[in-house]
Amino acid sequence: MSQLGPGLEQAFHVAAGELGMCSAAWLFVRELGKDGDALVAELRDVLGRSYPVLDAVATCWLEGRRAASIDVSAVSAACAGASQLLAIGLETSFLDALLPRLEGVAVWLLTQSAFSVDWDRVLANYQGRVRGVDLASFQRLAGRRSTLLVMTYGRRGELTFTSPEWLRVVGSDVRTQFRAVVGWDVLDAPMQVYPRWLVEAPCADFSQYVGAP
């Protein structure tokens, strides 16, 4: 008999939309892990195939890793010199950690997601520090001192995985219009199941890639 309460999948789906898949996964795994690894293993068994990032994070926990790897120094160095930064893919734990290192940088978030997201609520949490921009308007942020920061999830050879909205943004014209295109591997672990919700992206698409080799 399952020890997990009803409505778990709906709760995780909402959290994944408004926190980011990796941020939500670590939140759920940490909370369930307080009562032992058995619940984390059950979470992986119940939701892992539907949410591959959650599957990978639960596996990390069961293998002894107790926190997300948030390499703010490497990412802030990759974004050095930017006056504007556009984040593609919402991951609140990672963006929250990075923001103090972006003093003087105007930060924008692409308000596009495969999940249903209350963008007004998400942006309100940043009290004006992060502003939203949609697909129709993001190119107005381009310039020699503008950086694209793309959240990615794991790596398989020369490929990484990222949110589908990246395919709506990427293009040779975009790469030349922005100072840098930085990929940030927020998962820092391999995915063992089909990467639902994500798309493949060559690591070569990024001028700098921060993550495991």
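Above this note sits the structure.
The notes below deal with the structure included here.

What counts as what
- Residues numbered from 1 in each chain as written.
- Predicted model: local features only at pLDDT ≥ 70, side-chain atom pairs only at ≥ 80, totals over all residues.
- Heavy atoms only, no water.
- Axes fitted to C-alpha atoms, helices over the stretch in contact; angles between N-to-C directions.
- Helix = DSSP H or I, 4+ residues; strand = E, 2+ residues; numbered from the N terminus.
- Parallel < 35°, antiparallel > 145°, perpendicular 65-115°, else oblique.
- Left-handed = near helix turned anticlockwise from the far one by under 90°.
- Contact = heavy atoms within 4.5 Å.
- Nonpolar A, V, L, I, M, F, W, Y, C, P; charged D, E, K, R; others polar.
- Buried < 20%, exposed > 50% of the residue type's maximum accessible area, 1.4 Å probe, protein only.
- Phe/Tyr/Trp six-rings, centres within 6.5 Å; stacked < 30°, edge-to-face > 60°.
- Lys NZ or Arg CZ within 6 Å of the ring centre and 35° of its normal.

1. Section: the packing of helix α3 (residues 37-47) against helix α4 (residues 52-62)
Each pair of packed helices can be described by the angle between their axes along with the distance between the axes.
Okay, so step 1: One way to put it is that α3 packs onto α4 with a least axis distance of 9 Å and a crossing angle of 155 degrees. Overall, the two elements α3 and α4 adopt an arrangement that is roughly antiparallel. The two elements α3 and α4 meet at a crossing, and its hand is left-handed. Contacts from D37, V40, A41, L43, R44 and L47 of α3 reach α4 at L54, D55, A58, T59, W61 and L62.
Okay, so step 2: Its residues placed into classes, the contact of α3 with α4 shows eight nonpolar, one polar and three charged.

2. Some remarks on the side chain of T92
Okay, so step 1: Mapped onto the fold, T92 is located in helix α6 (residues 92-98).
Okay, so step 2: By relative accessible area, T92 is classed as buried at 12%.
Okay, so step 3: Not counting the four nearest positions on each side in its chain, T92 is found in contact with E18, L19, S23 and Y126.

3. Focus: the packing of aromatic side chains
Okay, so step 1: Evaluated as defined, the whole model comprises seven aromatic pairs.
Okay, so step 2: Seen in terms of ring centroids, F206 and Y209 are 6.3 Å apart; in terms of plane orientation they differ by 35 degrees. Their pairing is tilted. Like Y209, F206 is buried.
Okay, so step 3: Over the ring of W61 we find R66; its NZ or CZ atom is 4.0 Å from the centre of that ring.

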